[in-house]
Amino acid sequence: MNQSQKIIGHLSTINRHKAKVTSLCFRCGLIKQGLLHDLSKYSWEELKTGFKYYQGYRSPIDAQKEAEGCSTSWLHHKGRNKHHWEYWLDHNKDGIFPVKMPFNYVAEMFCDRTAASMTYLKDKYNDSSALEYYRKNQAITMFHPDTEKQLVYLLEYQRDHGLDATLKKIKSMLSEFRKTGTVTLD
Ligand SMILES: [Zn+2]
């Protein structure tokens, strides 16, 4: 693949992903987050990694980690985007600990994961795909227990009731969250 194919490939991947997440966010009523989702991917720090490591079948971040041992692009990304659980890791004298994510970012994370599963799995995608991806990576993540319960609730709701019903559910949970600062998982 030549350099201009990589540039076009990467830009089209991030544009398509962002458009998909934005439309899912809009359907749950997350307008501002939908518009701002992953905006840092258009910063030079993140773009240059995409242009260099674009492969088409996996994230250039993974390719950068493999080649360089770590991804400066990912460090830049997760430090600026609150829908990633990695953003919410803090530390004190006892070590690193996860902070509970506000529910509006859990909802954006759900939209991000669903959109990414659709993009990567194409015709193999179904309502359980995002849950399966979560389960596969469960052992190497560090969620706050409440955050994890909320995410799993949404992913299982999607498996059992489908995407449309889940987006409606999220919309009503977001209005509860805005009124009371919490959500009930029934
Ligand atoms: Zn992101």
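These figures come from a predicted structure and were not determined experimentally. (Residues numbered from 1 in each chain as written. Predicted model: local features only at pLDDT ≥ 70, side-chain atom pairs only at ≥ 80, totals over all residues. Heavy atoms only, no water.)

(A) The arrangement of the layout of surface pockets in detail. Empty space within the largest pocket amounts to approximately 1,500 Å³. Forming the walls of the largest pocket are 45 residues, and the residues nearest its centre are S59, D62, A116, Y120 and Y133. At the level of elements, α1 (3-27), α3 (44-53), α4 (60-68), α5 (72-78), α6 (103-121) and α7 (129-137) are the ones that each hand at least two residues to the lining of the largest pocket. In terms of residue class, the lining of the largest pocket is made up of 16 nonpolar, 16 polar and 13 charged. (1 Å grid on protein atoms, 1.4 Å probe; cavity = no way out; pocket = protein on both sides within 12 Å on 5 of 7 lines; lining within 4 Å. Points joined across faces, edges and corners; volume = space filled by probe spheres on them. Helix = DSSP H or I, 4+ residues; strand = E, 2+ residues; numbered from the N terminus. Nonpolar A, V, L, I, M, F, W, Y, C, P; charged D, E, K, R; others polar.)

(B) Broad picture of the coordination of the zinc ion. Protein coordination at the zinc ion: the donors are D38 (OD), H77 (NE2), H83 (NE2) and H84 (NE2), at 2.0 to 2.4 Å from the metal. Look at where the donors of the zinc ion fall in the sequence and you get D-x38-H-x5-H-H. H83 sits in the buried class, given a relative accessible area of 2%. (Donors = N, O, S within 2.8 Å, 3.2 Å for Na, K, Ca; no water. Buried < 20%, exposed > 50% of the residue type's maximum accessible area, 1.4 Å probe, protein only.)

(C) Fine view of the packing of aromatic side chains. What the rule picks out here adds up to seven aromatic pairs. On the numbers, 6.0 Å between centres and 35° between planes, the contact of Y153 with Y157 is tilted. Taken as a pair, Y153 and Y157 lie in helix α8 (residues 145-161) at a separation of four residues, close to a single helical turn. The two residues Y153 and Y157 agree in class, both being buried. Grouped by ring-pair contacts, the aromatic residues W85, Y134 and F143 constitute a single cluster. (Phe/Tyr/Trp six-rings, centres within 6.5 Å; stacked < 30°, edge-to-face > 60°.)

(D) Geometry of α3. Taken together, the buried positions of α3 are E46, L47, T49, G50, F51 and Y53. Summarising the contacts, the buried residues of α3 are in contact with α1, α4 and α5. (Contact = heavy atoms within 4.5 Å.)

(E) Seen up close, unusual backbone geometry. Of note, D38 is a non-glycine position whose phi angle comes to about 55°, a positive value. Summarising the element assignment, D38 is placed in the loop between α2 (31-36) and α3. Of note in this structure, K122 is not a glycine but carries a positive phi near 50°. Within the element layout of this structure, K122 appears in the loop between α6 and α7.

(F) Focus on the pairing of strand β1 (residues 89-92). Summarising the sheet, β1 and strand β2 (residues 95-98) pair through four bridges and their orientation is antiparallel. The residue of β2 that forms the bridge with D90 is F97. Hairpin connection between β1 and β2: a loop of two residues separates the two successive antiparallel strands. (Pairing = 2+ DSSP bridges.)

(G) Quick peek at empty space enclosed by the protein. Applying the stated criterion to the full structure yields one cavity of 30 Å³ or more. Estimates place the volume of the largest cavity at around 30 Å³. Lining the largest cavity are W85, W88, L89, P98, V99, M101, M142, F143, H144 and T147. Among the residues making up the lining of the largest cavity, the classes are represented as eight nonpolar, two polar and no charged.

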